[in-house]
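Commentary on secondary and tertiary structure
Here's the letter readout for the chains.
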Amino acid sequence: MRRVILATLAVVALVGFGAGGCRQGARGAQREGQAASLRGAARGWSVVLLTIDTLRADRLGAYGYRQRASSPRLDAQLGSGVVFEQAMSQRAATWPSLASLLSGLYPSGHGVDENGYGFPDQLPTLPKLLHGAGYRTGAFLANMCDANHQGWDAFSCEAGKDGRTVQDALAWAGGLDRGRPFLLWVHMFGAHGPYYNGGDLAARLLDPGYRGSLGPKKWRLDEVMTQRLRLDAADLRHLDALYDAAVMGSDGLAGSLLDGLRSGGMLDRALVVVTADHGEELYAHHGYLYHACSVYQTALHVPLAFAAPGLLPPGARVRQTVELIDIAPTILALLGVTAPARFDGKSLVPYLERPASGGAGRPAFSEYGTTRVHTVIDGRWKLIDNPDLFDPICIPKAPPHHFPIGRDELYDLELDPRESQNLAAANPTKVAELAQLVSLRFSALPHRAPRPPLDEKLRKQLTDLGYIAH
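Concerning the overall build of the protein chain
Helices and strands together make up the secondary structure of the protein chain, namely 14 helices and 13 strands. When burial is assessed residue by residue, the protein chain has 56% of its 470 residues classed as buried. Long-range pairs, those at least 24 residues apart, make up 72% of the contacts in the protein chain with a sequence separation of at least 6. Here the protein chain has roughly 19100 Å² of accessible surface; of this, 55% comes from carbon and sulfur atoms.

With respect to the pattern of salt bridges
For the structure shown, the criterion picks out 23 salt bridges. A network of salt bridges, in which partner residues are shared, links Arg59, Arg68, Asp240 and Asp244.

Focus: the sheet that holds strand β12 (residues 381-385)
What the 4 strands build is an open sheet, ordered β10-β11-β12-β13; its pairing is antiparallel. In this open sheet, the two strands that pair with only one neighbour each are β10 (364-366) and β13 (408-412). For this sheet, the mean inter-axis angle between neighbouring strands, taken without regard to orientation, is 15°. Pairing of β12 with β13, which is carried by 5 bridges, proceeds in the antiparallel orientation.

Some words on the environment of leucine 242
Turning to its location among the elements, leucine 242 is positioned in helix α9 (residues 233-263). Judged by relative accessible area, which is 3%, leucine 242 ranks as buried. Sequence separation between leucine 242 and tyrosine 195 is 47 residues; the distance between their C-alpha atoms is 6.3 Å. Excluding anything up to four places from it in sequence, leucine 242 contacts Tyr195, Ala202, Leu214, Gly215 and Pro216.

A few points about the packing of aromatic side chains
If you walk through the whole model with that rule in mind, you get 14 aromatic pairs. Relative to tryptophan 172, the ring of phenylalanine 140 has its centre 5.8 Å away and its plane inclined at 50°; by these criteria the two rings are tilted. Here the residue phenylalanine 140 occupies a position in strand β3 (residues 136-141), and tryptophan 172 occupies one in helix α6 (residues 162-174), the gap between them amounting to 32 residues. Side by side, phenylalanine 140 and tryptophan 172 carry an identical accessibility label, which is buried. An aromatic cluster of at least three residues, connected via ring pairs, comprises Tyr288, Tyr290, Tyr296, Phe403 and Tyr411. Positioned above the aromatic ring of tyrosine 368, the side-chain terminus of arginine 91 is 4.2 Å from the ring centre. Directly above the aromatic system of tyrosine 63 lies the positively charged group of arginine 317, at a separation of 5.8 Å from the ring centroid.

Things to note about the environment of leucine 74
By the element assignment, leucine 74 lies in helix α2 (residues 72-79). A residue is classified by how much of its surface remains accessible, and leucine 74, at 1% relative accessible area, is buried. C-alpha separation for the pair leucine 74 and methionine 248, spaced 174 residues apart in sequence, amounts to 9.7 Å. Sequence-distant contacts of leucine 74, defined by excluding residues within four places in its chain, comprise Ile52, Leu55, Leu60, Asp251, Ala254 and Val274.

Describing the side chain of aspartate 244
Mapping aspartate 244 onto the fold places it in helix α9. Looking at aspartate 244, the relative accessible area reads 0%, which means it is buried. In terms of polar contacts, aspartate 244 uses its side chain to reach the side chain of arginine 59, at 3.0 Å. Those residues in contact with aspartate 244 that lie beyond four places of it in its chain are Arg59, Tyr65, Arg68, Ser70 and Leu206.

A short note on α9
Given a rise of 1.5 Å per residue, 31 residues ought to cover 45 Å, and the 44 Å separating the end C-alpha atoms of α9 matches this to within 8%. Capping of α9 at its N-terminal end is provided by aspartate 232; its side-chain oxygen lies 3.1 Å from the backbone amide nitrogen of alanine 234. Looking one or two residues past α9, glycine 265 carries a phi angle of roughly 75°, positive in sign.

Scoring rules and cut-offs
- Residues numbered from 1 in each chain as written.
- Predicted model: local features only at pLDDT ≥ 70, side-chain atom pairs only at ≥ 80, totals over all residues.
- Heavy atoms only, no water.
- Helix = DSSP H or I, 4+ residues; strand = E, 2+ residues; numbered from the N terminus.
- Buried < 20%, exposed > 50% of the residue type's maximum accessible area, 1.4 Å probe, protein only.
- Contact = heavy atoms within 4.5 Å.
- Areas by Shrake-Rupley, 256 points an atom, 1.4 Å probe, with all protein chains shown as cover.
- Salt bridge = Lys/Arg side-chain N within 4 Å of Asp/Glu carboxyl O.
- Pairing = 2+ DSSP bridges.
- Axes fitted to C-alpha atoms, helices over the stretch in contact; angles between N-to-C directions.
- Phe/Tyr/Trp six-rings, centres within 6.5 Å; stacked < 30°, edge-to-face > 60°.
- Lys NZ or Arg CZ within 6 Å of the ring centre and 35° of its normal.
- Polar contact = N/O pair within 3.5 Å; in protein donor to acceptor, adjacent residues only side chain to side chain.
- Expected span 1.5 Å × (residues − 1).

Shown next as structure tokens:
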């Protein structure tokens, strides 16, 4: 039955896409004329790209979090520009996600489809393109150290050490020739498990008196999943405190970075982009705490904002769904730098010009390594499509089937933002419609060549981080 529905919808969708393409072309031409004011408007400006690992959008004040004031510095930066309320990561894993951000391609297109696989040598990326346009480029990271990074004049990676990362970034930026624009990328380890960025703040101030088993130690958190420990209300409260403490630590360090750049005059003519690679489950689905196995919004929904003094409207918000692959096309469009022949993402300049308009927006997608697992969001609906019934292994020594992904999982995000009620069985037509969107999006996109095996030293490092389970 599903094959019949899919075949019928394929014809309808292709006809619709053709007709829609004509209408979109007309609207696009109209939009081009209206959008001229921002295309190239930041020509010669510098770019500061701040990405924070494992930062859930819904745990920031700018996105409505009210349990604690955990992110005042980030909220202020986000509020100084245009906030995208529904930005989606292409994979709930650091390396694929950040590679998508820098390349404008889905993981299958750039080839960094799992943690541990580096950038292909010939891949066009944001640092390569801006370096070719005369920019000084510097990357200062606290994660994703050994990913064959290219296009950087200066590169430093201090695994897990956000304070040192910020210091190194400010030292490099402070020594630059002010007559030449720069691209500065800072990636902080952020709120990544085991959440030690918060130190003892959770136990000392946020949730004092807790006597349970949780704490900012990886082995203690891993036991929740490997032993299927049931967390009660007190445990969950403390888990939230641990995560919020780590967000607070990241918020303070992000503020120090931005303050240092601002005091040096380096943000006067700079486009500042703040986002995250992915979020964190925190026991929301299947008793899982981390992110790499997740296909849910807890791990895929990320913060995103563009700010540029005097250029972009402060306090504006965009409600349409967008993707991290849209960031590189947007930056290049604002700077007036020529884009490569292929981007999977689209420039968000029309949204930056008219944040309150823009129609229904486009579908947003994610991939899952080399599997055929995808997610798609279209309006209020989200489908998790797992045609091969892939059963992930999330962490070492985890029991089998500890993070089951259904064949089809359909959620109404408007009525059920927590994705707790699978509506697939009752809505086969909607399932088939969204599955067809996945097929149409990915069937014609080229894939990178098969990846080489992981170096054993790197495999051990990734296993210790909990990124791979075998």
